[in-house]
Amino acid sequence: MDTPPLIPEESKMIQPTNTIYRGSFDGQGLDLAFIILKNIIFTIFTLGIYAPWGKTNVRKFLWSHTSFEGDQFKYTGTGEELFLGYLKVVGIYIIASIIIFVSSSISETLGMIMQSLFALCIFLAIPYAIYSARKYRLSRSQLKGIRFGMGQGRDEYIKTFILGSILNIVTFGIYTPYLQNNLYKIITNNTCYGTKYF
C-alpha cells in the first residue's frame, strides 16, 4: 500500500489575511448648516470676535461624527486658544505698523527699508504658521483617548519652504510640484498617533 505524501508543516499553518480597517462619517448637512449659520450671525454681531469659536464648533462637529472602526474622533481645542493666537498676530501687526509709520516719518528711505523687512518677516513666518497650525490641530485631536501629534520637523519644513520658494522663482514655477511633494513628505513623516509615527 502506498503511503500518503507527507504534508509540510508550513502548509498546515493558517495563512494571514489582509484586514481592512474602515472609517466612517455620519454627520448631517443640515446640522452643519445650522452651526455655520449660527457662526455667521454671532461673528457679525461680535464684529469678528466670535470667529475662533465658530471655527472650533465646526471642527468639533466634524471630528465627533468621524469614526474609525467604531471609535469616534474627538477635538479638544477651544475657541479661547485660537482667539489668543489671533491676538498675537494682531499685536505683532500693530507693532510693526507703528514702527513703519514712525520710520517713514523720520525718513522715507528708512520707512521703505522697514516695509521690506516686515514683508520678509511675513514670508519667513508663513511656513512656521502652517506647521504650527497643523501641530495644534493634531495635538487637539484624539482617538481612543490617544492624541495625535507632530514631531520636530518644523525647522526642516521652514528650510524646505524657503529654498523651494526661491527655486520656484528661478524656474518660473516649474519646481512647484517638487516643493509641494517635499513639504507633504515632511508633514506626513512627522505626524504621529501617540508615540507611533506614520
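## Overview of the sheet that holds strand S7 (residues 196–197)
- Across the sheet, which stays open at both edges, the 7 strands sit in the order S1-S2-S3-S4-S5-S6-S7 with antiparallel pairing between neighbours. Here the strands that pair on one side only, and so sit at the sheet edges, are strand S1 (23–25) and S7.
- One ladder, built from 3 bridges, connects strand S3 (residues 71–75) with strand S4 (residues 141–143); its direction is antiparallel. Across the sheet, the residue bridging to Phe73 is Leu143, located in S4.
- Most of the contacts of helix H3 (residues 51–64) go to S3, to which it runs at about 165°, and overall it touches S1, strand S2 (66–68), S3 and S4.
- Across the face of the sheet, helix H5 (residues 108–139) comes into contact with S3, S4, strand S5 (146–150) and strand S6 (191–193) while running at roughly 170° to S5.

## Comments concerning the nonpolar core
- Among the nonpolar cores identified, the biggest contains 12 residues, and these are Phe73, Tyr131, Leu138, Leu143, Phe148, Met150, Tyr157, Phe161, Leu179, Leu183, Ile186 and Ile187.
- For this core, the secondary structure elements donating two or more residues are H5, S5, helix H6 (154–170) and helix H7 (176–189).
- With residues up to four places along the chain from it excluded, the contact list for Phe148 reads Phe73, Leu138, Ser139, Ser141, Gln142, Leu143, Cys192, Tyr193 and Phe198.

## Considering the packing of helix H2 (residues 29–45) against H3
- The geometry of H2 relative to H3 is characterised by a closest axis approach of 9 Å and an angle of 170° between their N-to-C directions. By the criterion of interaxial angle, the relationship of H2 to H3 is roughly antiparallel. Of H3, the residues touching H2 (which contributes Asp31, Leu32, Ile35, Ile36, Lys38, Asn39 and Thr43) are Ala51, Gly54, Asn57, Val58, Phe61 and Leu62.
- When the residues that make up the contact of H2 with H3 are grouped by side-chain class, the tally is 7 nonpolar, 4 polar and 2 charged.

## A few points about the side chain of Ser139
- When you line up the elements, Ser139 lands in helix H5.
- Side chain to side chain, Ser139 and Arg140 meet in a polar contact 2.7 Å long.
- Aside from chain neighbours lying at most four places away, what touches Ser139 is Arg147 and Phe148.

## Digging into the packing of aromatic side chains
- Using the criterion set out here, one finds 10 aromatic pairs in the structure.
- Summarising the aromatic geometry, the rings of Tyr50 and Trp53 are spaced 6.5 Å apart at their centres and angled 20° between planes, so their arrangement reads as stacked.
- Judged by centre distance (5.6 Å) and plane angle (50°), the rings of Tyr131 and Tyr157 are tilted. Residue Tyr131 is located in helix H5, and its partner Tyr157 is located in helix H6; the two are separated by 26 residues in the primary sequence.
- Owing to a relative accessible area of 1%, Tyr131 belongs among the buried residues under this scheme.
- Between the NZ or CZ atom of Lys38 and the centre of the ring of Phe42, over which it lies, the distance is 5.7 Å.

Criteria and cut-off values
Counting from 1, residues in each chain are numbered in the order their sequence is written. A pLDDT threshold of at least 70 governs which residues receive local features in this predicted model, and a stricter bar of 80 or more applies before side-chain atom pairs are shown or counted, although totals over entire chains, interfaces and linings include all residues. As a convention, hydrogens and water are excluded, and side-chain values are obtained from all of the structure's heavy atoms. Any two strands with at least two DSSP-identified bridges between them are counted as paired. Runs of H or I in DSSP of at least four residues are treated as helices and runs of E of at least two as strands, each being numbered from the N terminus. By definition in these notes, contact holds between two residues if any of their heavy atoms fall within 4.5 Å. The axes are straight lines fitted to the C-alpha atoms, using for helices just the contacting stretch, and the angles between their N-to-C directions are given from 0 to 180°. Working definition of a nonpolar core: buried Ala, Val, Leu, Ile, Met, Phe, Trp, Tyr and Cys residues. They are joined through side-chain atoms within 4.5 Å. Each residue is assigned to one of three classes by its accessible area relative to the maximum for its type, calculated with a 1.4 Å probe on protein chains only: buried under 20%, partly exposed between the two thresholds, exposed over 50%. For classification purposes, an angle smaller than 35 degrees is called roughly parallel, one larger than 145 roughly antiparallel, one from 65 to 115 roughly perpendicular, and anything else oblique. Only Asp, Glu, Lys and Arg are considered charged in this grouping, and only Ala, Val, Leu, Ile, Met, Phe, Trp, Tyr, Cys and Pro are considered nonpolar; every other residue, Gly among them, is considered polar. The term polar contact refers here to a pair of N or O atoms within 3.5 Å; inside protein, the definition further demands a hydrogen-donor-capable atom paired with an acceptor-capable atom, and it admits residues adjacent in sequence only when both atoms are side-chain atoms. Aromatic contacts are taken between Phe, Tyr and Trp rings whose centres are within 6.5 Å, Trp giving its six-membered ring; a plane angle under 30 degrees counts as stacked, one over 60 as edge-to-face, and the others as tilted. For a ring to carry a charge above it, either NZ of a lysine or CZ of an arginine must fall within 6 Å of the ring centroid while also lying within 35 degrees of the normal to the ring plane.

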